Amino acid sequence: MECFRKSSASQLLFLWISAAVLAACGFSSSSTVASSVSSTAVTTSTTLPNVKLSNFGATIQSWNLSHTLDPNNPNGYWPRLSDGRDTYSALNIQDGVVLGFTFALTPSIPLKLASALARDFMPPSTVVVATKKGALCTVEKFSKFLGHDPYAAFILDSTGNVKSILFGVDNVPSGC
C-alpha cells in the first residue's frame with residue numbers, strides 16, 4: 001500500500017501561510033514551531049489508487065471530508081483569504097472524482113514553491129511530463145490519470161510570483 005506524503009516544501013508553505021494569517025490577525029510570536037504533515041492510507045475505490053486522496057483525484061466524498069464549504073459561496077471552500085477569496089474554488093467533478101479546482105494564494109509565492117505544492121496536490125503516481133512557460137502563467141502537464149491529461153497552471157502576479165494554481169484536465173486555459 002502506497003502512502004501519500006507531503007514534501008518539505010508544502011510543510012514550509014503551510015507554516016509560512018499560517019504565520020502570515022496569524023500576523024494579519026494581530027498575533028505574533030518570537031518562537032519557531034515545526035510541524036509534520038502526513039495522511040493515512042485507506043482503501044478508496046477499485047478505480048482509484050489505494051491512497052487517500054484529498055485534493056486532485058479525490059472522490060467528492062473524500063474532498064468534502066477534507067475541506068470546509070464556504071456557507072456564503074457554494075462554489076468555494078475555506079479558509080477565506082485576506083483578499084476575500086476562498087482558498088479552493090471552481091471544482092470540476094467528473095464521475096464523482098475531483099478533476100480540477102482553483103487554489104488561491106495570498107500572499108503570492110515563488111514558482112518553485114508553487115510547483116512543489118502542486119505536485120503534492122496530485123496523486124502520488126503522477127509525474128510532470130512537460131512544462132510550458134508563458135508571460136502570465138506557467139503550465140506543468142502531468143502523466144495520465146484516469147484517462148485524462150492533468151495539468152497545473154500557475155497564474156503569476158505582477159512580480160512573477162504565483163497567486164493562483166488552476167488544476168484541471170485535458171484543455172489548458174486560454175492564455176496559458
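Above this text is the structure in question.
Residues numbered from 1 in each chain as written. Predicted model: local features only at pLDDT ≥ 70, side-chain atom pairs only at ≥ 80, totals over all residues. Heavy atoms only, no water.

Attention shifts here to the sheet that holds strand E4 (residues 97-109). Taken together, the eight strands give an open sheet; going across it, the order is E1-E2-E3-E4-E8-E7-E6-E5, and neighbouring strands pair in antiparallel fashion. At either margin of the open sheet sits one strand with a lone partner, and together these are strand E1 (68-70) and strand E5 (128-133). Neighbour-to-neighbour, the strand axes of the sheet open up by a mean angle of 25°, direction not taken into account. Together, strand E3 (86-94), E4, E5, strand E6 (137-142), strand E7 (150-156) and strand E8 (162-169) form the strand contacts of helix H3 (residues 111-121), whose direction differs from that of E4 by roughly 155°. (Pairing = 2+ DSSP bridges. Helix = DSSP H or I, 4+ residues; strand = E, 2+ residues; numbered from the N terminus. Axes fitted to C-alpha atoms, helices over the stretch in contact; angles between N-to-C directions. Contact = heavy atoms within 4.5 Å.)

Turning our eyes to something else, we now look at the pairing of E5. Two strands pair when backbone bridges link them, and E5 and E6 are joined in this way by five bridges, in the antiparallel orientation. The residue bridging Ala 130 from the neighbouring strand is Lys 141, located in E6. In this structure, the hairpin formed by E5 and E6 is closed by a connection of three residues.

A cis amide bond links Trp 78 with the next residue in sequence, Pro 79, at an omega value of 10°. The step from Thr 106 to Pro 107 runs through a cis peptide bond, and the omega angle for that step is 0°. The residue Pro 107 is located in strand E4 in this model. We note that Asp 95 has phi near 50°; this positive angle belongs to a residue other than glycine. Note on placement: Asp 95 falls in the loop between E3 and E4.

On to the nonpolar core. Membership of the largest hydrophobic core comes to 28 residues, with the highest contact counts inside it found for Phe 56, Phe 101, Phe 103, Ile 165 and Phe 167. Mapped by element, the contributors of at least two residues to this core are helix H2 (60-66), E4, H3, E7 and E8. No other element matches E4, which puts seven residues into this core. Not counting chain neighbours up to four residues away, the residues in contact with Phe 167 comprise Phe 56, Leu 99, Gly 100, Phe 101, Phe 103, Ala 118, Phe 121, Met 122, Tyr 151 and Ala 152. (Core = buried A, V, L, I, M, F, W, Y, C linked by side-chain atoms within 4.5 Å. Buried < 20%, exposed > 50% of the residue type's maximum accessible area, 1.4 Å probe, protein only.)

The next thing to look at is the pattern of salt bridges. Close approach of charged atoms allows side chains of opposite charge to pair. Scanning all chains against the criterion turns up five salt bridges. Where Arg 80 meets Asp 70, a salt bridge forms, and the shortest distance between an N and an O atom there is 2.1 Å. Of this pair, Arg 80 sits in strand E2 (residues 73-80) while Asp 70 sits in strand E1; the two residues are ten residues apart in sequence, bridging distant segments of the chain. You can call Asp 70 buried: its relative accessible area is 1%. One salt bridge connects Arg 80 with Asp 86, and the closest N-O pair in it is separated by 3.2 Å. (Salt bridge = Lys/Arg side-chain N within 4 Å of Asp/Glu carboxyl O.)

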